[in-house]
Amino acid sequence: MATFTLGTLSSVPASQHPDLLAAPTHAALVATGLLDAVGVVEIDPAVSDTAATQAEFGLSPGTLANCVVVAGKREGKERFAACVVLSTTRADVNGVVRRLLDVRKASFLPMDRAVDLTAMEYGGITPVGLPAGWPLLVDEEVTRTDVVVIGSGVRRSKILLAGATLGTLPGAQVVTGLGLPA
């Protein structure tokens with residue numbers, strides 16, 4: 001059973017607090033057998049944004065990862081992907097992501113569409129439990145991070161897990177150079 005401590009965050013196995021996970025996140029952890037391999041910790045939703053989480057809990061910026069949802073069109077069909085990069089970087093949306101999606105232009109999804117399509121709260125969107133068929137692009141540097149803090153699908157908690165675990169999620173592709181300096 002996974003328990004992690006980073007800064008002043010101390011997690012418990014997600015299996016002990018499924019109420020702290022969005023429904024698709026919980027379902028994905030169960031389906032992949034990872035419910036006991038990741039930790040969850042309750043936080044004040046007011047500090048769920050990356051910079052606020054870092055400051056509130058004394059975390060190194062290299063231990064927080066952001067998940068962004070992007071889309072582009074090809075031949076009239078919309079293509080989606082989620083990208084996970086460390087908080088010290090930004091996703092190369094119009095370079096690496098655009099090429100991997102094979103679209104002319106890739107853009108961040110507007111907040112309301114991202115929330116609707118993922119069934120997660122804005123500011124809590126996580127790579128765990130994304131819609132079936134979506135590519136999950138994970139920057140290689142994230143997978144090299146011992147323990148990383150990500151969203152849980154809701155703003156009132158965070159997931160802590162081994163960075164390498166993100167590269168094993170359904171649809172995951174580990175990508176070198178996905179994260180550009182912020």
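As a starting point, this report considers the structure included with it.

Comments concerning the overall build of the protein
Counting secondary structure elements, the protein contains six helices and 13 strands. For the protein, whose C-alpha radius of gyration is 15 Å, the value lies close to the compact-globule estimate of 16 Å for 182 residues. Its C-alpha atoms put the protein at 45 × 30 × 30 Å along the principal axes. Expressed as a percentage of its 182 residues, the buried residues of the protein come to 49%. With an accessible surface of roughly 8300 Å², the protein has 52% of that area assigned to carbon and sulfur atoms. In the protein, the 14 positive side-chain charges and the 17 negative ones have mean positions that sit 12 Å from each other.

Considering the side chain of S87
Structurally, S87 is set in the loop between β6 (77-86) and β7 (89-91). At 2.6 Å, the side chain of S87 and the backbone oxygen of P61 are in polar contact. Apart from the residues lying within four places of it in its own chain, the contact partners of S87 are T50, P61, L64, A65 and N66.

Re the nonpolar core
By size, the foremost hydrophobic cluster in this structure holds 35 residues, and its most contacted members are L29, V84, I150 and L166. Broken down by secondary-structure element, the contributors of at least two residues to this core are α1 (23-31), β5 (65-74), β6, β9 (136-139), β10 (148-151) and β11 (157-161). Here L166 is in contact with V84, P127, L136, V138, V142, V148, I150, L161 and A172, once residues within four sequence places are set aside. Ranked by size, the runner-up nonpolar core spans 14 residues in total, among them A91, V96, V97 and V175.

Reading the values: the criteria
Residues numbered from 1 in each chain as written. Predicted model: local features only at pLDDT ≥ 70, side-chain atom pairs only at ≥ 80, totals over all residues. Heavy atoms only, no water. Helix = DSSP H or I, 4+ residues; strand = E, 2+ residues; numbered from the N terminus. Rg over C-alpha atoms; globule rule 2.2 N^0.38 Å. Buried < 20%, exposed > 50% of the residue type's maximum accessible area, 1.4 Å probe, protein only. Areas by Shrake-Rupley, 256 points an atom, 1.4 Å probe, with all protein chains shown as cover. Lys, Arg positive; Asp, Glu negative; His and termini not counted. Charge placed at Lys NZ, Arg CZ, Asp CG, Glu CD. Polar contact = N/O pair within 3.5 Å; in protein donor to acceptor, adjacent residues only side chain to side chain. Contact = heavy atoms within 4.5 Å. Core = buried A, V, L, I, M, F, W, Y, C linked by side-chain atoms within 4.5 Å.

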